[in-house]
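Summary of structural features
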Amino acid sequence: MNQPPSTISLSDLRAEIDRIDETMHRLLMERSEIIERLVQVKRTGGAEGGSAFRPAREADMMRRLVERHGGLLPLDTVESIWRVIIATFTFVQAPYAVHADISGGEPVMRDSARFHFGFTVPFTPHMGAEAAVAAVAASTGDLGLIAAAPAAATTPWWRALEAPEAPKIIARLPFVERADHPAALPVFVVAHPIRDAAVTDVSVHSLHVSGWSARAARAIPSYAETIVVADVASHAAPREGAALLVSLPERRAIAEVAAALAGSGAEVSSAVPVGSHAAVYRLDQTGA
Ligand SMILES: C=C(O[C@@H]1C=C(C(=O)O)C=C[C@H]1O)C(=O)O
């Protein structure tokens, strides 16, 4: 039990912490100077107006952060600190608000918005995805947050993304998925299309399907992640119809899904691309 007396005192260690805190703060202020210069470069690069949010860059930064992280500090904390840094530096480049659909539950959506965008970026709740999309459409650079969990949709809100000039899905959060994520709800980020910075790992499509059935649902290939809203048949279309939001990994074509559905007696009457996002990066429990 006889431990050698430590030669480092508590006040010495606290002085080290003060030094580190000051360095981190000064580095953040240095980061803001770089952001000021970056704003000019982005403008001259033709990216003026709209959102400063660059989902491909952010997905890449978050992956590298997770990969290099180690030590006592929980990954959740590191991720949330960097989400706030990045989202706030995006906000200071071009102010924006987050329009969230809270119809699936307010606390879980608010947690997601605050985790990914912090408290400086305004949070505007909407009762329904259509209202959130409409608010984004009416803005120059705002973002919409809509639950991406399968079975979360009660209305085919993605139809509002079909028109060429309509907002599109540009990201899916969290960038790094894992068990016990503090903001685990998968959400789509909707915004006016970002001309120079779309990331196309996963493409997302709005499908209208007639002849919908349980058999058709089973025929959808497993690589396609799908949200389905089944319509009641009308007089004009007496067979069951459905609206689908289908996410496809790279190198998969919507024609393959249409062919699989045709084999089950269903018919795709239209398929419109409504956005794309970075591949979902999943961390397993061992941190691999
Ligand atoms: C700084 C940029 O703008 C935004 C802010 C980022 C940041 O603070 O690191 C990263 C990506 C963008 O969403 C950029 O485009 O690089």
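Just so it is clear, the structure is predicted and the values come from calculations on it, not from any experiment.

**Focus: the pairing of strand β6 (residues 187-191)**
With five of its five residues buried, β6 lies for the most part within the structure. Where strand β3 (residues 143-147) and β6 come together, four bridges link them in antiparallel fashion. Within β6, the residue paired with Leu145 across the bridge is Val189. Where strand β4 (residues 168-173) and β6 come together, five bridges link them in antiparallel fashion. Pairing of Ile169 across the sheet is with Val190, part of β6.

**Focus: the site of the ligand**
The ligand sits among 14 residues. The nearest are Arg31, Lys42, Arg54, Glu58 and Gln93. Note that an oxygen atom of the ligand is positioned 2.8 Å from one of the side-chain N or O atoms of Lys42. The contact in question runs from an oxygen atom of the ligand to an N or O atom on the side chain of Gln93, over 2.8 Å. Starting from 360 Å² of accessible surface for the ligand in isolation, the protein chains cover 92%. Among the elements of the structure, α1 (10-44), α2 (55-68) and α3 (75-93) are those that each provide at least two residues to the shell around the ligand. Within the shell around the ligand, the residues separate by chemical class into seven nonpolar, two polar and five charged. Both of domain 1 (12-47) and domain 2 (48-198) provide at least three residues apiece to the shell around the ligand.

**Quick notes on empty space enclosed by the protein**
Applying the stated criterion to the full structure yields two cavities of 30 Å³ or more. Estimates place the volume of the largest cavity at around 90 Å³. As for the largest cavity, its lining consists of 14 residues, of which Arg172, Pro174, Phe175, Ala278 and Ala279 are closest to the centre. Elements with a minimum of two residues in the lining of the largest cavity: α2 and β4.

**Observations concerning the layout of surface pockets**
Empty space among the atoms can be located by rolling a probe the size of a water molecule over them. The space that makes up the largest pocket amounts to roughly 380 Å³. Taken together, 15 residues make up the lining of the largest pocket; nearest its centre are Met24, Leu27, Leu28, Trp82 and Ile85. Listing elements by their share of the lining of the largest pocket, those giving two or more residues are α1, α2 and α3. The dominant element in the lining of the largest pocket, judged by the number of residues it contributes, is α1, at seven residues. A breakdown of the residues in the lining of the largest pocket according to their chemical character gives ten nonpolar, two polar and three charged. Considering the residues around the second largest pocket, the lining is formed by 15 residues, among which Ile35, Leu38, Arg57, Met61 and Gln93 are closest to the centre. Residue assignment for the lining of the second largest pocket shows that the elements contributing at least two residues are α1, α2 and α3.

**Observations concerning the domain arrangement of the protein**
Domain annotation for the protein reports domain 1 (12-47), domain 2 (48-198) and domain 3 (203-277). On a C-alpha basis, the centres of domain 1 and domain 2 stand 23 Å from each other.

**Here we look at the packing of aromatic side chains**
Remark: the centre distance and the inter-plane angle together describe each pair of aromatic rings, the angle taken between the planes. Here the structure, examined in full by the defined rule, presents five aromatic pairs. Ring geometry for Tyr96 and Phe117: centres 6.3 Å apart, planes at 80°, overall edge-to-face. Here Tyr96 is found in the loop between α3 and β1 (98-101), whereas its partner Phe117 is found in helix α4 (residues 106-117), with 21 residues between them in sequence. Considered together, Tyr96 and Phe117 belong to a single accessibility category, that of buried residues.

**So, the pattern of salt bridges**
The final tally for this structure, using the stated rule, is eleven salt bridges. The salt bridge partner of Asp76 is Arg178, with a shortest N-O separation of 2.8 Å. Of this pair, Asp76 sits in helix α3 while Arg178 is found in the loop between β5 (176-177) and β6, placing the two residues 102 residues apart along the sequence. Glu256 serves as the salt-bridge partner of Arg252, at 3.0 Å between the closest nitrogen and oxygen. Arg252 sits in the partly exposed class, given a relative accessible area of 39%. Classification of Glu256 by relative accessible area gives partly exposed; the value is 30%. Beyond isolated ion pairs, a larger network of salt bridges with shared partners links Arg172, Glu177, Glu225 and Arg282.

**Quick notes on the confidence of the model for the protein**
Per-residue confidence for the protein averages 91 on the pLDDT scale, and 91% of its residues sit at or above 70. Interface predicted TM-score (ipTM) for the complex: 0.99; the corresponding pTM is 0.92.

**Structural notes on α4**
For α4, with twelve residues, the first-to-last C-alpha span of 16 Å sits near the 16 Å given by 1.5 Å per residue. For α4, the set of buried residues is Met109, Ser112, Ala113, Phe115, His116 and Phe117. In a view along the axis of α4, the buried residues occupy a sector of 165°, so they form one face of it. Tucked inside the fold, the buried residues of α4 contact α3, β1, β2 (123-126), β3, β4 and β6. Gly118 sits one or two residues past α4 and shows a positive phi near 75°.

Cut-off values and rules
Residues numbered from 1 in each chain as written. Predicted model: local features only at pLDDT ≥ 70, side-chain atom pairs only at ≥ 80, totals over all residues. Heavy atoms only, no water. Buried < 20%, exposed > 50% of the residue type's maximum accessible area, 1.4 Å probe, protein only. Helix = DSSP H or I, 4+ residues; strand = E, 2+ residues; numbered from the N terminus. Pairing = 2+ DSSP bridges. Near = heavy atom within 4 Å. Polar contact = N/O pair within 3.5 Å; in protein donor to acceptor, adjacent residues only side chain to side chain. Areas by Shrake-Rupley, 256 points an atom, 1.4 Å probe, with all protein chains shown as cover. Nonpolar A, V, L, I, M, F, W, Y, C, P; charged D, E, K, R; others polar. Domains from an automatic or database assignment. 1 Å grid on protein atoms, 1.4 Å probe; cavity = no way out; pocket = protein on both sides within 12 Å on 5 of 7 lines; lining within 4 Å. Points joined across faces, edges and corners; volume = space filled by probe spheres on them. Phe/Tyr/Trp six-rings, centres within 6.5 Å; stacked < 30°, edge-to-face > 60°. Salt bridge = Lys/Arg side-chain N within 4 Å of Asp/Glu carboxyl O. pLDDT = per-residue confidence, 0-100. Expected span 1.5 Å × (residues − 1). Arc of directions from axis to C-beta. Contact = heavy atoms within 4.5 Å.

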